[in-house]
Amino acid sequence: MSTEYQYFIIPGIPDNFSRVKAGSLCYMKVFKYKTIQQQSPPPERVAVFFLRSRTLLDYDVKLSSLEPLSVEDAELLQALDNDCERLKWFREEKALQTARGLSVGAEVTVEHERKELKGIIRYIGRMTESHYSNLISGTFFGIELQGKHRGMGHTDGRYRLRKLFQCDQNCGVFAPFTRVKPLLPSSWSSPIPKSSPELQTGELKYGDRVTYFPDNKCRYGSVVDVQERDGQHFVLIATDKDETGKEGSLIEVPLDQVAKGEVPTEPESMDVDTVTNSDDLYTDLTVNSMVEVTLAHSSNAHGIIRWIGSLPDRKETMAGLELEEMVGVSDGTIKGYRYFFCPPKKALFVKLSSCRPDSRFQNISTNHNEKFPNPEDTESDLDDGTTGNPETVPPVSTEQVKELLIGRMKGIQGHCNSCYMDAALFGLFSCSSVLDSLLFKSTTPQDAPIQKTLLKNIVNPLRSKGFVEGRHVMKLRQQLRKHGYSHSFTTDEKDPEEFLIVIMHHILALDPLLKLSSAGKVQESYCYQIFLDQNHSLVLPTVQQLLEHSLHSAMLKLAEVPSCLILQMPRFGKKFKMFDKIIPSLELDITDLLSEGPQQCVLCGSLAVQECPDCFKDSIFSPTGFKVFCEICAAQVHSHPQRLSHKPSPLNFPKDYVGHSIPRSLARDKLELFAVLCIETSHYVSFVKHGPNSHDWIFFDSMSDREGESDGFNIPEVTPCPEVGTYLEMSPTEMANQVPREMKGVAKRLFCDAYMYLYQSTSMCLYR
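Here the structure is a predicted model, which means the values were calculated and not measured.

Novice: Requested: an account of the overall build of the protein chain, with residues and values cited.
Specialist: Counting its secondary structure elements, the protein chain contains 15 helices and 44 strands. By the burial criterion, 50% of the 768 residues in the protein chain qualify as buried. Sequence-distant contacts, at least 24 apart, represent 61% of the contacts inside the protein chain between residues at least 6 apart. Summed over all atoms, the accessible surface of the protein chain reaches about 37000 Å², with 49% contributed by carbon and sulfur.

Novice: Lay out the pattern of salt bridges with the relevant residues and their values.
Specialist: Within the structure shown, the criterion is met by 22 salt bridges. Here R471 makes a salt bridge to E469, at a shortest N to O gap of 2.9 Å. Given the relative accessible area of 34%, E469 is considered partly exposed. A salt bridge links K515 to E524, with the nearest nitrogen and oxygen atoms 3.9 Å apart.

Novice: Let's hear about the packing of helix α2 (residues 71-78) against helix α4 (residues 93-101): which residues, and what values?
Specialist: In the contact formed by α2 and α4, the axes pass within 11 Å of each other and the chain directions differ by 105°. In this view, α2 runs roughly perpendicular relative to α4, as classed from their interaxial angle. Here α2 contributes E72, D73, L76 and L77 to the contact with α4, which in turn contributes L96, A99 and R100. A per-class count over the contact of α2 with α4 returns four nonpolar, no polar and three charged.

Novice: How would you sum up the sheet that holds strand β5 (residues 67-69)? Please name residues and give values.
Specialist: With respect to topology, five strands assemble into an open sheet ordered β4-β3-β2-β1-β5, the strand pairing being antiparallel. A strand with exactly one partner marks an edge of an open sheet, and here the two such strands are β4 (58-62) and β5. Neighbour-to-neighbour, the strand axes of the sheet open up by a mean angle of 50°, direction not taken into account. In terms of strand pairing, strand β1 (residues 5-9) meets β5 through three bridges, oriented antiparallel. Its bridge partner lying in β5, F8 is registered against P68. Against the sheet, helix α1 (residues 30-38) makes contact with β1, β2 (25-29), β3 (45-50) and β5, and its axis sits at roughly 85° relative to β2, the strand it touches most.

Novice: Could you give me a rundown of the sheet that holds strand β6 (residues 107-112), with the residues and numbers involved?
Specialist: Pairing in this open sheet of five strands is antiparallel, and the strands run β11-β8-β7-β6-β12 from one edge to the other. Pairing within the sheet leaves two strands with one partner each, and these edge strands are β11 (172-175) and β12 (180-182). Strand-to-strand, the axes of this sheet are offset by a mean angle of 45°, without reference to chain direction. In this sheet, strand β8 (residues 140-145) lies alongside strand β7 (residues 115-125) in antiparallel orientation, the contact comprising six bridges. Residue pairing in the sheet places G125 in a bridge with F140 of β8.

Novice: Provide a residue-level description of the packing of aromatic side chains, including the pertinent values.
Specialist: Across all of its chains, the model carries 17 aromatic pairs by this definition. Considering the side-chain rings of Y7 and Y27, the 6.0 Å spacing of their centres and the 50° angle between planes classify their relative orientation as tilted. Pair noted here: Y7 is in strand β1 and Y27 is in strand β2, with a separation of 20 residues, a long-range link. According to the relative accessible area criterion, Y7 is buried, its value standing at 1%. The exposure class of Y27 is buried, given its relative accessible area of 5%. Between W89 and F177, the aromatic rings sit 5.8 Å apart at their centres with planes inclined by 80°, giving edge-to-face as the arrangement. Highlighted residues: W89 in helix α3 (residues 83-90) and F177 in the loop between β11 and β12, separated in sequence by 88 residues. For the pair W89 and F177, one class covers both residues: buried. Each residue in the set Y5, Y7, Y27 and F49 is aromatic and connected to the rest through ring pairs, giving one cluster.

Novice: With reference to specific residues and values, describe the packing of helix α6 (residues 419-429) against helix α10 (residues 496-507).
Specialist: Closest axis-to-axis distance for the α6/α10 pair is 8 Å, and the angle between their directions is 65°. Considering only the axes of α6 and α10, their crossing is right-handed. Contact with α6, carried on its side by Y420, M421, A424, L425 and L428, involves P496, F499 and L500 of α10 and no other residues of that element. In the contact of α6 with α10, the residues fall into eight nonpolar, no polar and no charged.

Novice: Break down the confidence of the model for the protein chain for me, with residues and values.
Specialist: The predicted coordinates of low-pLDDT regions are not to be read in fine detail. For the protein chain, per-residue confidence averages 79 on the pLDDT scale, and residues scoring 70 or more make up 79% of the total. The low-confidence segment residues 263-280 (pLDDT under 50) makes 42 contacts with residues lying over four places distant or belonging to another chain. Low pLDDT (under 50) marks residues 362-388, which in the prediction has 53 contacts with non-local residues, meaning those over four places away or in another chain.

Novice: Give me the nonpolar core: which residues, what numbers.
Specialist: With 56 residues, the main nonpolar core has L435 and F499 as its most contacted residues. The element contributing the most residues to this core is α6, with nine residues. Ranked by size, the runner-up nonpolar core spans 47 residues in total, among them I530, L593, F626 and C752.

Novice: An account of α2 is requested, with residue identities and associated values reported.
Specialist: Residues lying three or four places apart along an α-helix face the same way, a consequence of the helix completing one turn every 3.6 residues. Taking burial as the measure, the eight residues of α2 include six buried ones, the bulk of the element. By the burial criterion, the buried members of α2 are D73, A74, E75, L76, L77 and Q78. In the core, the buried residues of α2 are packed alongside β1, β2, β5, α3, α4 and β8.

Here is what the cut-offs are and how they apply
Residues numbered from 1 in each chain as written. Predicted model: local features only at pLDDT ≥ 70, side-chain atom pairs only at ≥ 80, totals over all residues. Heavy atoms only, no water. Helix = DSSP H or I, 4+ residues; strand = E, 2+ residues; numbered from the N terminus. Buried < 20%, exposed > 50% of the residue type's maximum accessible area, 1.4 Å probe, protein only. Contact = heavy atoms within 4.5 Å. Areas by Shrake-Rupley, 256 points an atom, 1.4 Å probe, with all protein chains shown as cover. Salt bridge = Lys/Arg side-chain N within 4 Å of Asp/Glu carboxyl O. Axes fitted to C-alpha atoms, helices over the stretch in contact; angles between N-to-C directions. Parallel < 35°, antiparallel > 145°, perpendicular 65-115°, else oblique. Nonpolar A, V, L, I, M, F, W, Y, C, P; charged D, E, K, R; others polar. Pairing = 2+ DSSP bridges. Phe/Tyr/Trp six-rings, centres within 6.5 Å; stacked < 30°, edge-to-face > 60°. Left-handed = near helix turned anticlockwise from the far one by under 90°. pLDDT = per-residue confidence, 0-100. Core = buried A, V, L, I, M, F, W, Y, C linked by side-chain atoms within 4.5 Å.

Following this line, the structure appears as structure tokens:
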């Protein structure tokens, strides 16, 4: 898979996307990169995807800010923990070159727990499987320790139940290339980069725009040549203006006084009209307050305070503003130090006393401690018939479904590849309130319009009228694009998880829905992608089985009961399914999937004290549920000759339970299914379970039909689909014998095309 992509590293902070750090890895399709290389002139900006991103959104970056990487180097760098370390070692070409030359069987030293240990390389490759958000997972070296260093490692060659190489217990170490050195030191470069100018000569080429600093002043020009004399590098620059003000002259500047690109002039040098000499007139202005300042040419600039503090050589309290227009002078930096992030030419540093509350909103609030609304709020919203604060409209009940939702021109109207968003919004909000906290939680002024559109123009009309016009969803997509999360939100096909993570994480800062426990550490996420190991025996799985197998193979457990669990089904991309059918589990029993809490022995029902990962796939036990045992049953089960090699592990449970029996009918933690998103030929639809009965299902398609041609419109439709309940009542054997194309109604879509399952905890959602 990785050979289909061209990988890059970002050697400096891009000027158009502030969340990306220097050292980030990104990629695009190889054919796309080759096409770009053949264009004359090449485009200034290109769309790339970033590795280790929670979202699969593409971002526009300058082509000149991308440094190409081979797949091999990208894999080596991906194994490192953070972007800073990745960037440092990218610049150590000899270290990468040596790492490429290492092979299985080579004698090396490995740094482990601050000690240099001798060993032999037994494995080179990935420790985890790549997946949709990380096409490459990093190249690691598995090393078997030798001699006196045996027993000082941390593994027997196994990682998360996968045997990557063979060695004795604690005689193995997994490490990235930065901690591995061949025994012959001459072929290795020091891990500490040599002291050298920030800018390397290889980074400059003829025609590059640069900034140079004669007498600490900032001037601009273009590179003519890079020369070396007596071990020192000089850059020959065709200046825009020299020290005398003359244009177009040539000047020779030492390399350490040159910066690639046009560095903004010092922000604090920009004249700002001081409104008053009193520093405490607006002492209630805080970070995120919306303010205005008067510039030197007597025009007003409006923005949001992003930082308040002290600057070197300035006695006054200063404020860093993110302006609405590109009339600033940096992206939140001064003299190479970053104080906050914003798009280029939108940052301005001024005295706090020069700021005053945005006069455009003084009629809204005189309390400046309140967060001011975003300017978008003053625009005329798309009318939905409501005035003032939007009312709270409850989800559609089972009794209301037929009257409100069923029929043509019902649901959410699709427009221009919006089905991923339509299906997700309908599934989440039509008949469930589990994520209604998104609609009412406090948020920043710049994100409030998105929340308002979501509540006022989409969720409330859907629940009160049963229909949302396509223009409202397009407005939401335009707002997301305006916020810079993806330039293609209004045009391209996307996946539901991209949209949901942007809304929940980036926009409304909702706490992660899912907390996973692994080796005592908690990982947080909004969705869970189900992955299966290659040796699974599932043929016609239930969602319960898929979740259990995925957590088992990854050695994960749930740290707590989630209020909402979003599960992505295993697939090979959008087009290739891992299973012909998946049986929906109307309830997920997660009692045994929790990392803490009392559990019952699977054999006798007593308090379980041990769990055996090796028994999980033993055919003698039931096909679902983790295998946990009390002490007596654990001893009996593992006395069998076939299970003597099993390695049970102790369970975590409250100390108060020790020595006490637990009820035979221990309360089980269960989640109930409320919606399923399906995909076929890149088109998303959704199923919603609106009531307690097995036949209480409706099917939604935002583009079920169309009226007219290019100037026409899509017709959304919601239909009842009780046939789903009929198939859910079938036995596994009956279900396996069903021919998809012969299944009644739209049931085939649910069983064969499931992409995402949405579960809720009816008890926990009350507290989240």
